Amino acid sequence: MKRSTIEIIVGILIILGLVVFALATGGDSEWGGADGGAEDMISETGYEPWFESPLWAPPSGEVESLLFALQAAIGTGVACLIFGYWLGQSKRKDEKEA
Amino acid sequence: MHIMEGYLPMEWCIVWFVLSIPFIIVGLWQMKKLIDKDQKVLPLMAVCGAFVFVLSALKIPSVTGSCSHPTGTGLSASFFGPFVTAVLGTIVLIFQALLLAHGGLTTLGANAFSMAIFGPLVAWGVFVALRKAGLGLGLCVGVTAAVANLVTYTVTSFQLALAFPIDGSIVAAFTAFGTIFAVTQIPLAIIEGIICALVAKFIVRVKPEILKSLGIIEDAEIAKIQGEAA
């Protein structure tokens, strides 16, 4: 097998391993966000936020997850479009040289 | 690392804005200079920005039983340095503050300083040092991405500690906020490092000339990395 393929497989396995290990050892944790954890700690001191978002807040967790998925989709779309373009260019270059 | 809207006293909001704005201005100027010199860097810049978009949208469960997200700034910090990264990271933070109610406009300066500026700045220093030491590009980008991630969350803990000392002690507050983030962040830093290392090597295989023109890599290493895929 090519070295590059092995690197990608090993990389993906380590990533999956880390996430699965976290989920398996986490027991009945709440899996809340660490950002939220810090927010709670501040709220406990009695601090009140002095400013609220002037636009809007996503009305529910579902809408929020939609927007996060959209963010990831935009990023992936742009990256893959460019990767595909580069890949095509480098293939064409190889063919010319061959 | 997102400090939520309104969760930082006004004077600290101003401090972090004042510290962040110069980096963003220099970053915009550097971006313009790079693009004027060679339009071919534009797609690479877009890819780096896209990775900040993707990785900072993924909330990943970690060993502490809570979730957090990578920052995605390592690729950009490695290839373009901290100033251009400041611009790319801030764009993502504005998107999240306006549309996702994640982070905020008042805390934008503070969040930009941690995620888009100081994390990438330290990481870029690490990248330059490791490259000088002659280490391979994949390894260097991987370590850089992990450092950017960890430093970002350290800065956030520090920012919160400055604004909310516990019984007057900034150190105690830093430890408390750091505990929420630090352990959670270590596995995520490793994940981010692996992804960025693999992507960097992929870019060397398909489009090495841009990295070469940026002075990131020489012909000998390009040939070696391309050989691994043959």
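About the criteria used
- Residues numbered from 1 in each chain as written.
- Chains lettered and ligands numbered in written order.
- Predicted model: local features only at pLDDT ≥ 70, side-chain atom pairs only at ≥ 80, totals over all residues.
- Heavy atoms only, no water.
- Contact = heavy atoms within 4.5 Å.
- Buried area = accessible area lost by both parts, 1.4 Å probe.
- Salt bridge = Lys/Arg side-chain N within 4 Å of Asp/Glu carboxyl O.
- Polar contact = N/O pair within 3.5 Å; in protein donor to acceptor, adjacent residues only side chain to side chain.
- Helix = DSSP H or I, 4+ residues; strand = E, 2+ residues; numbered from the N terminus.
- Nonpolar A, V, L, I, M, F, W, Y, C, P; charged D, E, K, R; others polar.
- Axes fitted to C-alpha atoms, helices over the stretch in contact; angles between N-to-C directions.
- Parallel < 35°, antiparallel > 145°, perpendicular 65-115°, else oblique.
- Left-handed = near helix turned anticlockwise from the far one by under 90°.
- Buried < 20%, exposed > 50% of the residue type's maximum accessible area, 1.4 Å probe, protein only.
- Patch = residues over 30% accessible without salt bridge, like charges linked within 9 Å, V, L, I, M, F, W, Y side chains within 5 Å.
- Areas by Shrake-Rupley, 256 points an atom, 1.4 Å probe, with all protein chains shown as cover.

1. Examining the interface of chain A and chain B
Right, so step 1: Residue-level contacts link 54 residues of chain A with 67 residues of chain B.
Right, so step 2: With both chains or domains summed, chain A and chain B bury close to 5100 Å², and 73% of this area falls on carbon and sulfur atoms.
Right, so step 3: On the chain A side of the contact with chain B, Asp 35, Gln 71 and Trp 86 of chain A bury the most area, a combined 15% of that side's loss.
Right, so step 4: Inspection of the region where chain A meets chain B yields 3 salt bridges.
Right, so step 5: At the boundary of chain A with chain B, the tally comes to 16 residue pairs in polar contact (both at pLDDT 80 or more).
Right, so step 6: Elements supplying a minimum of two residues to the side of chain A that touches chain B: helix H1 (3–25), helix H2 (34–44) and helix H3 (61–97) of chain A.
Right, so step 7: For the side of chain A that touches chain B, the element with the highest residue contribution is H3 of chain A, accounting for 17 residues.
Right, so step 8: Looking at side-chain class alone, the side of chain A that touches chain B contains 32 nonpolar, 13 polar and 9 charged residues.

2. A few points about the packing of H3 of chain A against helix H3 (residues 74–99) of chain B
Right, so step 1: As a packed pair, H3 of chain A and H3 of chain B sit with axes 11 Å apart at the nearest point and diverge in direction by 160°. Overall, the two elements H3 of chain A and H3 of chain B adopt an arrangement that is roughly antiparallel. Judged by the twist between their axes, the crossing of H3 of chain A over H3 of chain B is right-handed. Here Leu 67, Phe 68 and Gln 71 of chain A of H3 of chain A lie close against H3 of chain B, whose contacting residues are Val 92, Phe 95, Gln 96 and Leu 99 of chain B.
Right, so step 2: In the contact of H3 of chain A with H3 of chain B, the residues fall into 5 nonpolar, 2 polar and no charged.

3. With respect to the pattern of salt bridges
For side chains bearing opposite charge, pairing can occur when the charged atoms are close.
Right, so step 1: Using the criterion set out here, one finds 11 salt bridges over all chains in the structure.
Right, so step 2: Measuring nitrogen to oxygen at the nearest pair gives 4.0 Å for the salt bridge that ties Glu 228 of chain B to Lys 224 of chain B.
Right, so step 3: Taking relative accessible area as the criterion, Lys 224 of chain B reaches 54% and is therefore assigned exposed.
Right, so step 4: Bridged by salt links that share partners, the residues Arg 3 and Glu 7 of chain A together with Lys 201, Arg 205, Lys 224 and Glu 228 of chain B form one connected network.

4. Regarding a nonpolar patch on the surface
Right, so step 1: A grouping of Met 1, Ile 6, Ile 9, Val 10, Leu 13 and Ile 14 of chain A together with Leu 150, Ile 186 and Ile 190 of chain B is seen on the molecular surface, where their side chains present a nonpolar patch of about 830 Å² in accessible area.
Right, so step 2: At the level of secondary structure, the elements contributing two or more residues to the nonpolar patch comprise H1 of chain A together with helix H6 (170–206) of chain B.
Right, so step 3: Tracing the chain through its elements places Leu 13 of chain A in helix H1.
Right, so step 4: The exposure class assigned to Leu 13 of chain A is exposed, which follows from its relative accessible area of 56%.

5. Remarks on unusual backbone geometry
Right, so step 1: The backbone of Asp 167 of chain B shows a phi angle near 50°, a positive value even though the residue is not glycine.
Right, so step 2: Take Asp 167 of chain B: its relative accessible area is 80%, and that puts it in the exposed class.

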